[in-house]
Amino acid sequence: MVTSSETSVAARAKYEPVIGLEVHVQLLTASKIFCSCSTRFGDPPNTNVCPVCLGMPGVLPVLNRKAVEFAVLAAMALNCQIRETSIFARKNYFYPDLPKGYQISQYDKPLAEHGWIEVTTKGGIKKIGITRVHLEEDAGKSLHEGFPDAAEKTAIDLNRTGVPLIEIVSEPEMSSPDEAYEYLTRLKEIVLYTGVSDVNMEEGSLRCDANISVRPRGQKELGTKSEVKNVNSFRFIREALEYEIDRHIGVLESGGRISQETRLYDANEGKTYGMRSKEQAHDYRYFPEPDLLPLAIDEKWQAKIRESLPELPETRRRRIVAEYGITEKDAIVLTATKFLADQFEAAAKAAKNPKRVANLVQSELAGRLKAKGLEIEQSPISMNGVAMSADLVESGVISGKMLKELYDVAFERGKDFPVVYEEEGRPEQSRDTSTLQKIIDEVIAANPKQVEQYRAGKKTVLGFFVGQVMKLSKGQANPQLVNELLAKKLE
Amino acid sequence: MKVSDKDVSYVAELANLELTAEERARMLRDLNSILEYIDRLNQLNTENVPPMAQVSNRYAVDDSKQGSEHFAYAMREDIPNGLRPSLPREEALKNAPDADGTFFKVPKVIER
């Protein structure tokens, strides 16, 4: 992490950072975008390759319909307009993991444009524009280390070559590393909801490049930007951006100029380094891909794809808050993944009292998870377990206190609620009237004054008796039953 | 002259080509003559003609089908090894100048 010196803190106030992000997301198709090779991650190197993705002469790409549908679905979830006719283009550059010498991508007529997502910032909700979403193919993987000949050679695995990607380009509308972090978090969540990608950064199915520049506050014109690549977590992107902002300001304040360049982030050092790339490396000489027809996505097809668009996290959050009366904060936890939100809602709907399920998640589950340092996905008690426990309390079979105990046991044993409930012999709160009668007799005998008050017409005193009985039964008694028996006895 | 010697060197560099002075001169001549020929097309009025990048969308397509259907024949379903199976690794690596049986090997790449 960069530690800002006194001067740079003062200088920082003079400048406004401008950040734009390019996110690459691998689509979860079974086969590659232009050939039938498998996209499976982790297969032995160079086993999912064929003449098409190896770039052999004379081969022709054939577009994967599913990749198009996934890309359109993601673009719709990001509020983009889908272009009815887009075209593929060749992006030309030389790199060993790109066997054709060009990447099939989209350039001047991308699949989708003019989208946005909402991001929560310090100043409230902010809409971040999405310039474009386009389809392209992934490159292969270069392995620079871990081989005896690594000093002289780089190993190439082309299994990833041709895996479908979407590139999501934001407008340069983020003004702090925190906003960039938030944008990525929301973006990831939305894409995950659509199911078109598993957005797993470790496996590289989500990758991010950041464009950053600074300008004096109030100035309209953008400063010269640098591009930060090779960052493999949202946290590191935030750190890399912090570093870059300080670096830019440092250079400008000392009278220097920022050169437009690509920089790599070293997470161990918390620093970025300029790459010794040649300037013309950025001249990709795009031209329309002659081997592929235009991509026509007419209204009919769009409508069909739109049918599979799920309710998105933000909308769902608002609805869940309204429907179950839970807090915004808990709604964020419960809607973090579609899976979890689905589970929660199914459980809540199946339960006798949906709000009780939500309340139990808030009051009993959240705290225990936090104490154990678990994410909600790792909870021993599933949403179904929560629903079952809620019903048992609702129907008076177990008391709130017993529920707490059973939850403790479940967390201790790492087992779900229904299992623990069975293991504990399906406990019920006391319905044994003879023991209860004895307790009630004791309480009545010990509090003659309150008995008098009650008989004189002060019926509210009943609450006092119930409390006393519950206390003596150590919370095991069924309050409803206690009420009935007490009332009878006191008449 | 549309193309300069500098342009030729630049394009050659982008294409990873090392040209001799003689080759550069020839390229300069050829490129300019190609562009001169292309210039003749500019004499035509193309105001109402949409730009065309592919011929296949004019000649190989069933015009009775419109919208997405028009080009649908050129897509495939998402089935692994549906069109053509992947190659055995041995075969995939066969033509590589350097390989170790598992990976392609290239001279050390330092930067990205």
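Residues numbered from 1 in each chain as written. Chains lettered and ligands numbered in written order. Predicted model: local features only at pLDDT ≥ 70, side-chain atom pairs only at ≥ 80, totals over all residues. Heavy atoms only, no water.

Peer 1: Now, about the domain arrangement of chain B: what can you tell me, with residues and values included?
Peer 2: Where the parts come together, the accessible area they lose is often given as the size of the interface. We note that the domain assignment places domain 1 (5–42) and domain 2 (49–77) within chain B. Taking only C-alpha atoms into account, the centre of domain 1 of chain B sits 34 Å from that of domain 2 of chain B. (Domains from an automatic or database assignment.)

Peer 1: Report on the interface of chain A and chain B, specifying residues and quantitative values.
Peer 2: Taken together, the contacts link 59 residues of chain A with 44 residues of chain B. Regarding the contact of chain A and chain B, the summed buried area is about 4,700 Å², with carbon and sulfur atoms giving 56% of it. The salt bridge partner of Glu77 of chain B is Arg65 of chain A, with a shortest N-O separation of 2.9 Å. Counting across the interface, chain A meets chain B through 26 residue pairs in polar contact (both at pLDDT 80 or more). Listing elements by their share of the side of chain A that touches chain B, those giving two or more residues are β2 (63–64), α2 (65–77), β10 (153–157) and β17 (295–296) of chain A. With five residues, the top contributor of residues to the side of chain A that touches chain B is β10 of chain A. For the side of chain A that touches chain B, the class distribution of residues is 33 nonpolar, twelve polar and 14 charged. (Contact = heavy atoms within 4.5 Å. Buried area = accessible area lost by both parts, 1.4 Å probe. Salt bridge = Lys/Arg side-chain N within 4 Å of Asp/Glu carboxyl O. Polar contact = N/O pair within 3.5 Å; in protein donor to acceptor, adjacent residues only side chain to side chain. Helix = DSSP H or I, 4+ residues; strand = E, 2+ residues; numbered from the N terminus. Nonpolar A, V, L, I, M, F, W, Y, C, P; charged D, E, K, R; others polar.)

Peer 1: Which residues make up the nonpolar core, and what are the values?
Peer 2: Residues and elements named next belong to chain A. Ranked by size, the top nonpolar core spans 70 residues in total, and within it Ile168 and Tyr183 carry the most contacts. The element that contributes the greatest number of residues to this core is α2, accounting for ten residues. Aside from chain neighbours lying at most four places away, what touches Tyr183 is Leu21, Ile117, Val119, Ile128, Ile130, Ile168, Ser170 and Met174. If you look at the next biggest cluster of nonpolar residues, it comprises 35 residues, including Ala331, Phe344, Val386 and Val420. (Core = buried A, V, L, I, M, F, W, Y, C linked by side-chain atoms within 4.5 Å. Buried < 20%, exposed > 50% of the residue type's maximum accessible area, 1.4 Å probe, protein only.)

Peer 1: Describe the pattern of salt bridges, with residues and values.
Peer 2: Residue and element names in this part refer to chain A. Inspection of every chain in the model, using the stated rule, returns 45 salt bridges over all chains. The residue Arg186 makes a salt bridge to Glu189 at a minimum N-O spacing of 3.2 Å. Residue Arg186 and its partner Glu189 are located together in helix α3 (residues 177–194), separated by three residues, close to a single helical turn. When sorted by exposure, Arg186 lands in the same class as Glu189, which is buried. Among the ionic pairs, Glu311 bridges to Arg319, the shortest N-O distance being 2.8 Å. Residues joined in a network through salt bridges with shared partners are Glu311, Arg316, Arg319, Glu323, Lys338, Asp342, Glu345 and Lys349.

Peer 1: Any chance you could break down the layout of surface pockets for me, citing the residues and the numbers?
Peer 2: Residue and element names in this part refer to chain A. When its volume is computed, the second largest pocket comes out at roughly 1,100 Å³. Considering the residues around the second largest pocket, the lining is formed by 36 residues, among which Thr185, Ile332, Val333, Ala336 and Glu375 are closest to the centre. Considering each element in turn, the lining of the second largest pocket owes the most residues, seven residues, to α3. Split by residue class, the lining of the second largest pocket holds 14 nonpolar, six polar and 16 charged. Per-domain counts for the lining of the second largest pocket show at least three residues from each of domain 1 (9–301) and domain 2 (313–423). (1 Å grid on protein atoms, 1.4 Å probe; cavity = no way out; pocket = protein on both sides within 12 Å on 5 of 7 lines; lining within 4 Å. Points joined across faces, edges and corners; volume = space filled by probe spheres on them.)

Peer 1: Lay out the sheet that holds strand β5 (residues 89–92) of chain A with the relevant residues and their values.
Peer 2: Strand order across the open sheet formed by three strands is β6-β5-β16 (chain A), with antiparallel pairing between neighbours. The open sheet has two edge strands, β6 (102–105) and β16 (287–288) of chain A, and neither has a second partner. (Pairing = 2+ DSSP bridges.)

Peer 1: Mind laying out unusual backbone geometry, listing which residues take part and the relevant values?
Peer 2: Phi is positive for Asn46 of chain A, which is not a glycine, with a value near 55 degrees. With respect to the element layout, Asn46 of chain A can be found in the loop between β1 (15–26) and β2. Residue class for Asn46 of chain A comes out buried when judged on its relative accessible area of 0%. Non-glycine residue Asn81 of chain B carries a positive phi angle of around 55 degrees. With respect to the helices, strands and loops of the structure, Asn81 of chain B is situated in the loop between β1 (75–76) and α5 (89–93).

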